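Observations on chain architecture
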Amino acid sequence: MAVLNPTRDVLEEAARHLRAGGLVAFPTETVYGLGGDATSARAVAAIFDLKGRPKFNPLIIHVASIEVAERLVQMDERARYLAKRCWPGALTMVLPPQPNSPIQPLALGGQRMVAVRVPDHPLALALLNEVGRPLAAPSANRSGSVSPTRAEHVDASFGRSLAMILDGGQCRIGVESTVIDLTREPAALLRPGGVSIETIAASIGELTTGGGTRSPGTQDSHYAPRRPVRIGVEDPQPGEVLLAFGPNPPEGFCAMLNLSESGDLVEAAANLFAYLHALDRPEYAGIAAMPLPERGLGLAINDRLRRAAAHRG
Ligand code: TXA
Ligand code: MG
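Residues numbered from 1 in each chain as written. Chains lettered and ligands numbered in written order. Predicted model: local features only at pLDDT ≥ 70, side-chain atom pairs only at ≥ 80, totals over all residues. Heavy atoms only, no water.

Digging into the layout of surface pockets
The following threshold applies: Both site types are read off a 1 Å grid over the protein atoms alone. A 1.4 Å probe that fits but cannot get out defines a cavity, while an open set with protein on both sides within 12 Å along at least five of seven lines defines a pocket; lining residues have an atom within 4 Å of a point. Grid points are joined across faces, edges and corners, and a volume is the space filled by probe spheres set on the points. Charged residues are taken to be Asp, Glu, Lys and Arg, nonpolar residues to be Ala, Val, Leu, Ile, Met, Phe, Trp, Tyr, Cys and Pro, and polar residues to be all remaining types, Gly included.
In this model, the second largest pocket occupies a volume close to 230 Å³. In terms of lining, the second largest pocket is formed by 14 residues, of which the most central are P97, P105, L108, Q111 and R112. Tallied by class, the residues present in the lining of the second largest pocket amount to 6 nonpolar, 7 polar and 1 charged.

Structure follows, in structure tokens:
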């Protein structure tokens, strides 16, 4: 039975499981989250895999306090003011990362900004404190189905593929957090949610709406390699490096990094952004990516590679 009564022992076990790269569903005041260590690319890849998301949408990073948030993101006056008024609570703020942030690029969907919040739920806070790491946590449902507000909903969604679901009963708010983008002035509303727009506007002034049109993956701050990217490649062109996948990569490239020699798509997703960065060097003429299967995380990896190829193709 994956639904667990959250005793002290269970909390400690959940924290150990998370530190080892495992996933744990936990209650927040909004909806249940599917949590994984945001500093582990493997754990973040496992979240996308389990949710069955066809794209690497950026994930909300959950932390235990304003102090922890300050270490991960650059908070301006507006952010500090809102944090004091609304945290813990159903407000997610998108902010620039601190230099050398330990958050994995995969958790950010390859963007250079971080969505962060302090959840207002004793169990969520206890878990975050026990783990001592930021947790990436999208709503704990399979992609395309409704967000879970009870532990049983999470269990029904994932069944045996999720070992630990901490039972905190019914979520108090029942809709997701409000997401605002504070990398812009004025701030933009990306998703309405648990904290009202009026509350936010009373603190930092009017928000622009329609911010959602600047959807994840299309922003300027979204990471795309500077080198041209070719996808579905089998044969090299002069000066190209290869982003390989599987046991038999073609030869003749200047250099090669293999996303997963064994053909494991979760491993490939965990390596994707780090390898794109590593191959994006001026001495190379371009990056050639091998075809990946259009299933599981292969869908999201191919989606991201297609965007990178279109960016300068
Ligand atoms: O209430 C909630 O927010 C719940 C609980 C578990 O905390 N979480 C949740 O996460 O709803 P998710 O992944 O289902 O929704 C994340 C939303 C998406 O609309 C996403 O586009 C936006 O937040 N988002 C996350 N990170 C972002 C980023 N770096 N930049 C822009 N938008 C971001
Ligand atoms: Mg969701």
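Side note on the site of ligand 1
Keep this limit in mind: Working definition: residue near molecule or strand if any one of its non-hydrogen atoms lies within 4 Å of it. N or O atoms closer than or at 3.5 Å make up a polar contact, with two conditions inside protein: a donor-capable atom paired with an acceptor-capable one, and, for residues adjacent in sequence, both atoms drawn from side chains. Note on areas: Shrake-Rupley with a 1.4 Å probe; residue coverage comes only from the protein chains shown. The secondary structure listing takes helices from DSSP runs of H or I that are at least 4 residues long and strands from runs of E that are at least 2 residues long, numbered from the N terminus.
Near ligand 1 there are 23 residues, and of these T30, H62, M113, S177 and R191 occur at the shortest range. At 2.6 Å, a side-chain N or O of T30 approaches an oxygen atom of ligand 1. In the model, an oxygen atom of ligand 1 is placed 2.6 Å from a nitrogen or oxygen of the H62 side chain. A total of 680 Å² of accessible area belongs to ligand 1 in isolation, and the protein chains cover 91% of it. Breaking the shell around ligand 1 down by element, the ones donating at least two residues are strand 4 (60–62), strand 6 (114–117) and strand 10 (188–191). Tallied by class, the residues present in the shell around ligand 1 amount to 13 nonpolar, 6 polar and 4 charged.

Remarks on the nonpolar core
Filter applied, for reference: Side-chain atoms within 4.5 Å link the members of a nonpolar core, which is a set of buried Ala, Val, Leu, Ile, Met, Phe, Trp, Tyr and Cys residues. Working definition: with a 1.4 Å probe on protein chains only, accessible area under 20% of the residue-type maximum means buried, over 50% means exposed, and in between means partly exposed. Domains are outlined according to an automatic or database domain assignment.
Among the nonpolar cores identified, the biggest contains 77 residues, and F56 and M93 are the most heavily contacted of them. For this core, the leading source of residues is helix 8 (residues 265–279), giving 9 residues. In this structure, this core is formed jointly by two domains, domain 1 (2–209) and domain 2 (229–309), each of which donates at least three residues. By size, the runner-up hydrophobic cluster in this structure holds 17 residues, among which are A15, L18, A124 and A137.

Digging into the domain arrangement of the chain
Note the cut-off: Should any heavy atoms of two residues lie within 4.5 Å, those residues are counted as being in contact. Once two parts are put together, the accessible area they lose, assessed with a 1.4 Å probe and summed over both, is termed the buried area. By definition here, a salt bridge exists when the distance from a side-chain nitrogen of Lys or Arg to a carboxyl oxygen of Asp or Glu is within 4 Å.
By the assigned domains, the chain splits into domain 1 (2–209) and domain 2 (229–309). One C-alpha centre belongs to domain 1, the other to domain 2, and the line joining them spans 30 Å. In this assembly, 14 residues from domain 1 lie in contact with 14 residues from domain 2. Summing both partners gives a buried area of about 1200 Å² for domain 1 against domain 2, and 69% of it is carried by carbon and sulfur. Applying the counting criterion to the domain 1 and domain 2 interface returns 1 salt bridge. Here D264 and R42 are joined by a salt bridge, their closest N and O atoms 3.6 Å apart. At the boundary of domain 1 with domain 2, the tally comes to 2 residue pairs in polar contact (both at pLDDT 80 or more).

Here's the deal with the sheet that holds strand 13 (residues 256–258)
Sheet strands pair by backbone hydrogen bonding; their relative direction is either parallel or antiparallel. Defined as follows: Only when DSSP finds a minimum of two bridges between them are two strands counted as paired. Orientation is described by axes fitted as lines to C-alpha atoms, over the contacting stretch for helices, and by angles from 0 to 180 degrees between their N-to-C directions.
Taken together, the 4 strands give an open sheet; going across it, the order is 11-14-12-13, and neighbouring strands pair in parallel fashion. Among the strands making up the open sheet, the edge pair consists of strand 11 (229–230) and strand 13. The pairing of strand 11 with strand 14 (residues 286–289) spans 2 bridges and is classified as parallel. Across the sheet, the residue bridging to R230 is A288, located in strand 14. Contacting strand 12 (240–244), strand 13 and strand 14, helix 8 runs over the sheet at an angle of about 170° to strand 12.

Quick notes on the pairing of strand 12
In terms of burial, strand 12 is largely enclosed, as 5 of its 5 residues are buried. Side-chain alternation along strand 12 places E240, L242 and A244 on one buried face and V241 and L243 on a second face that is also buried. With 4 bridges connecting them, strand 12 and strand 14 associate as parallel partners. What sits directly across from L242, in strand 14, is A288. In this structure, strand 12 lies alongside strand 13, joined through 3 bridges in parallel fashion. In the strand pairing of strand 13, A244 is matched with N258.

Some thoughts on the pattern of salt bridges
For the structure shown, the criterion picks out 16 salt bridges. For D37, the salt bridge goes to R133, with nearest N and O atoms at 2.8 Å. Highlighted residues: D37 in strand 3 (residues 33–37) and R133 in the loop between helix 5 (122–131) and strand 7 (135–136), separated in sequence by 96 residues. Residue R133 is classed as partly exposed on the basis of its relative accessible area, which comes to 30%. Residue D303 is joined to R307 by a salt bridge in which the shortest nitrogen-to-oxygen separation is 3.1 Å. Of the two residues, D303 and R307 both sit in helix 9 (residues 297–312), 4 residues apart, roughly one turn of that helix. The exposure class of D303 is buried, given its relative accessible area of 12%. In this structure R307 comes out as partly exposed when scored by relative accessible area, which is 22%. It is possible to trace a salt-bridge network through shared partners that takes in R8, E12 and E130.

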